[in-house]
Amino acid sequence: VSTNASVTLGTVTVTEGAQVGTITKQVGSTNVNLVNLQVTAATQNFQVERLTLYNAGTTSASDVTNVKLTYNSNTVATGVWDGKYISFDMTSCTADCKIPKSETKNYAVQGDIPSGSSRTLNLDVKRATHFLAKDLNSNQYRTPTNSASAMTNTITVSQGKLNVTKVNNVPA
C-alpha cells in the first residue's frame, strides 16, 4: 500500500448569511427573502450540487410557492417540496455554483406566500449531508461543516388585507 501525502482534501462550510430574523409577511406577499446562506471553500475549489432545507415551522408546501435559490439575483435552482423538506438541484448550475478556494458566496432563498395565515416558516440545513459539494481537485464529495442547522429566519404569515372604498357613482 502506498500513500500520497501531496493530496489535500478541501473543506467547505455552510453558514447562515445575513439574518432574515423574526418577521411577519402577509398572505399574498411575493418574492419574499426566506433565508440567506453563505458557503465558504477553504482549501480547494468546490461545485455546489444540491441543497435541502428543512422547514421547522408549520407552513405547508402550498403556503410557500415559487421558491428559488438565487446568487447575485440570478436564479440558480428552483425548489421542490417533499413534506417538510425543500430541495434545490444545482447540478446544471455553472459559474454561480462554483466556489473558488478561499472564497465565499452568498445565496438567498426566495418565494411567494399565497396562503398560510397564522403559520410559520423556519428553514434550516438540518443535516450536513443535506448540502452536497464536490471538491473539484479530487473530484470527491465532501461533507461540509454545517453551521446553518439553527438559523434565525422565522417568518410568520399574517392575514391579507381587504380594502373597502365608498363609490358614489353607482348606476341605477
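It should be noted that the structure appears before, not after, this text.
Cut-off values and rules
- Residues numbered from 1 in each chain as written.
- Predicted model: local features only at pLDDT ≥ 70, side-chain atom pairs only at ≥ 80, totals over all residues.
- Heavy atoms only, no water.
- Phe/Tyr/Trp six-rings, centres within 6.5 Å; stacked < 30°, edge-to-face > 60°.
- Helix = DSSP H or I, 4+ residues; strand = E, 2+ residues; numbered from the N terminus.
- Buried < 20%, exposed > 50% of the residue type's maximum accessible area, 1.4 Å probe, protein only.
- Lys NZ or Arg CZ within 6 Å of the ring centre and 35° of its normal.

Caption draft 1: Quick look at the packing of aromatic side chains. This model, assessed by the stated rule, comprises two aromatic pairs. Ring centres of Y54 and Y85 lie 5.1 Å apart, and the angle between their planes is 55°; this geometry places the pair in the tilted category. Of the two residues, Y54 is situated in strand β4 (residues 46-55) and Y85 in strand β7 (residues 85-89); the sequence distance between them amounts to 31 residues. Pairing Y71 with Y107 gives two aromatic rings, centres 5.4 Å apart and planes at 45°, and the pair type is tilted. Taken together, the positions of Y71 in strand β5 (residues 65-71) and Y107 in strand β9 (residues 103-113) put the pair 36 residues apart, joining distant regions of the chain. Accessibility expressed as a relative area gives 14% for Y71, which makes it buried. Across from the ring centre of Y71, 4.8 Å away, lies the NZ or CZ of K105, which sits over that ring. The aromatic ring of Y54 is capped on one face by K126, whose charged end is 4.1 Å from the ring centroid.

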